[in-house]
Amino acid sequence: MKGVVLGGTASGVGKTVATLATLTALESAGYDPQPAKAGPDFIDPSHHEAVAGKPSRSLDPWLTGEDGLRRTYWRGDGDVCVVEGMMGLYDGSAASTASVAEALALPVVLVVDASAGMESVGATALGFQQYAAEVGRDIDVVGVLAQQAHGGRHEDGIRDSLPDGLRYLGRVPPTEELEIPERHLGLLMGAEAPVDESALASAAEPIDAEGVVEVARTPPEAGPSEPPATATTVAVADDAAFCFTYPSTVERLREGGTVRPFSPLAGDSVPEADAVYLPGGYPELHAERLAGSGTLDELASLAADGRPTYGECGGLMALAESLTTAEGATFSMAGVLPATVEMRDRYQALDHVELTATRTTPIADAGTRRRGHEFHYSSATVGSDARFAFETVRGEGTDGEHDGLTEYRTVGTYCHAHGASGAFDGLLSE
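Residues numbered from 1 in each chain as written. Predicted model: local features only at pLDDT ≥ 70, side-chain atom pairs only at ≥ 80, totals over all residues. Heavy atoms only, no water.

Chemist: What exactly am I supposed to notice about the side chain of threonine 325 here?
Modeler: Considering the arrangement of structural elements, one finds threonine 325 in the loop between strand S14 (322-324) and strand S15 (330-332). Those residues in contact with threonine 325 that sit more than four places away from it in its chain are Glu284, Ala287, Phe331 and Met343. (Helix = DSSP H or I, 4+ residues; strand = E, 2+ residues; numbered from the N terminus. Contact = heavy atoms within 4.5 Å.)

See below:
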């Protein structure tokens, strides 16, 4: 599967809309596009999936390592992969769009905000192309996709400004109909606020789909991962409150057994399983409904009986004693972990994370390391008897020094892990 990376000049230049428009243009031209996202994001991929009709692959060398990155890429299904970058092309201390493009040997098409420029677009693109050599990055910026660009003289001026070696691959016209609403963790999810199909089709028309395919390249493949030597059943929470799940995580769990989804919001009974996984999401938006669903009480009972349970971020919040919303309302949660959680006005952590396990739990043996990422607006006040499973090497964790509140055989982290990292293999050995 050939691929191309859409890298931005900075955050906020319209990479998500440009990616959705490119996916639409490729499909209209008769291709089968596979979406992907550089970095640890959950939200942008949900919009990719809404447009492409297939899961978007999350590509981050920090989370998965280079082999895991390539395996994740090749799990995609299509003939051309469009990778949306993170932040600006070179931005990121642990992982960046440039590091993803380099690891996969994929060309970069630069998304440039052209709303107030023509010749400057060429200057900007040339600078980004030549900067790779200055910082020792083995990446190839091959073309430009002009965001917020009009046709006619504006488009002609942008095209003419590009030096040899930089191909003009079209434009995304300015339109308010393509704006995606936001909330505290970023854009609304794709299922909540899908982009207007008619507006997206119009935005895709000026994109050179054939040109995108021509510049795309096929990355090296990676060897297969070792399959888990077990047959474990894992119950996985899956609804609007617990929606931050990488496709690779579910795939890894299925390699080792059976995945049984359930919805705490719907009051589902927890399926019979060897272990339970509560991913992140938006429990704060559904706290009252969660508190009254009865599923949290069942989770508490199973945890007290020793059922291995792992909660990530939103999962940690649901396993805590209580959750106080941004409006100040407090609701009882499962009460498994000795902490109270409160939503804050600004984010409390946003970074790639590395943890060292200080005790053996269902998700890690003592002395091993885990990598992931954290992004949350809540803070946890832990009890005096709280025990932690990890020390933080990088990142904030739960209290600045530790992560992984643990009780019985239950662990809750603010860290999100990726299925290709091996972080879920412990659950599969239960």
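Chemist: What's the story with helix H6 (residues 153-161) in this structure? I'm lost.
Modeler: For an α-helix the count is 3.6 residues per turn, leaving residues at separations of three or four pointing the same way. Here H6 has its buried residues at His154, Glu155, Gly157, Ile158 and Ser161. Burial along H6 is one-sided: seen end-on, the buried residues are contained in an arc of 160 degrees. Away from the buried face of H6 by more than 90 degrees, exposed residues Arg153 and Asp160 are located. Each element contacted by the buried residues of H6 is listed here: helix H5 (119-134), strand S6 (141-147) and strand S7 (167-172). (Buried < 20%, exposed > 50% of the residue type's maximum accessible area, 1.4 Å probe, protein only. Arc of directions from axis to C-beta.)

Chemist: Sorry, what's going on with the sheet that holds strand S4 (residues 80-88) here?
Modeler: Across a sheet, paired strands are connected by hydrogen bonds in the backbone, their directions being either parallel or antiparallel. Spatial strand order, S3-S2-S4-S1-S5-S6-S7: 7 strands in an open sheet with parallel pairing. Of all the strands in the sheet, just strand S3 (57-59) and S7 have a single pairing partner and so form its edges. Each adjacent strand pair in this sheet contributes to an overall mean axis angle of 25 degrees, direction not counted. Here strand S1 (residues 2-8) pairs with strand S5 (residues 108-113) via 4 bridges, running parallel. Within S5, the residue paired with glycine 8 across the bridge is valine 111. Together, strand S2 (33-38), S3 and S4 form the strand contacts of helix H2 (residues 43-52), whose direction differs from that of S2 by roughly 175 degrees. (Pairing = 2+ DSSP bridges. Axes fitted to C-alpha atoms, helices over the stretch in contact; angles between N-to-C directions.)

Chemist: Looking at this model, I keep getting lost on the packing of helix H1 (residues 15-28) against H2. Mind explaining?
Modeler: Geometry of a packed helix pair, given as the angle between the helix axes and the separation of the axes. In the contact formed by H1 and H2, the axes pass within 10 Å of each other and the chain directions differ by 20 degrees. The orientation of H1 relative to H2 falls into the category roughly parallel. Both H1 and H2 take part in a crossing whose hand is right-handed. On the side of H1, the interface is formed by Thr16, Thr19, Leu20, Leu23, Thr24 and Glu27, while H2 contributes Asp44, His47, His48 and Val51. Looking at the contact of H1 with H2 residue by residue, the classes come out as 3 nonpolar, 5 polar and 2 charged. (Parallel < 35°, antiparallel > 145°, perpendicular 65-115°, else oblique. Left-handed = near helix turned anticlockwise from the far one by under 90°. Nonpolar A, V, L, I, M, F, W, Y, C, P; charged D, E, K, R; others polar.)

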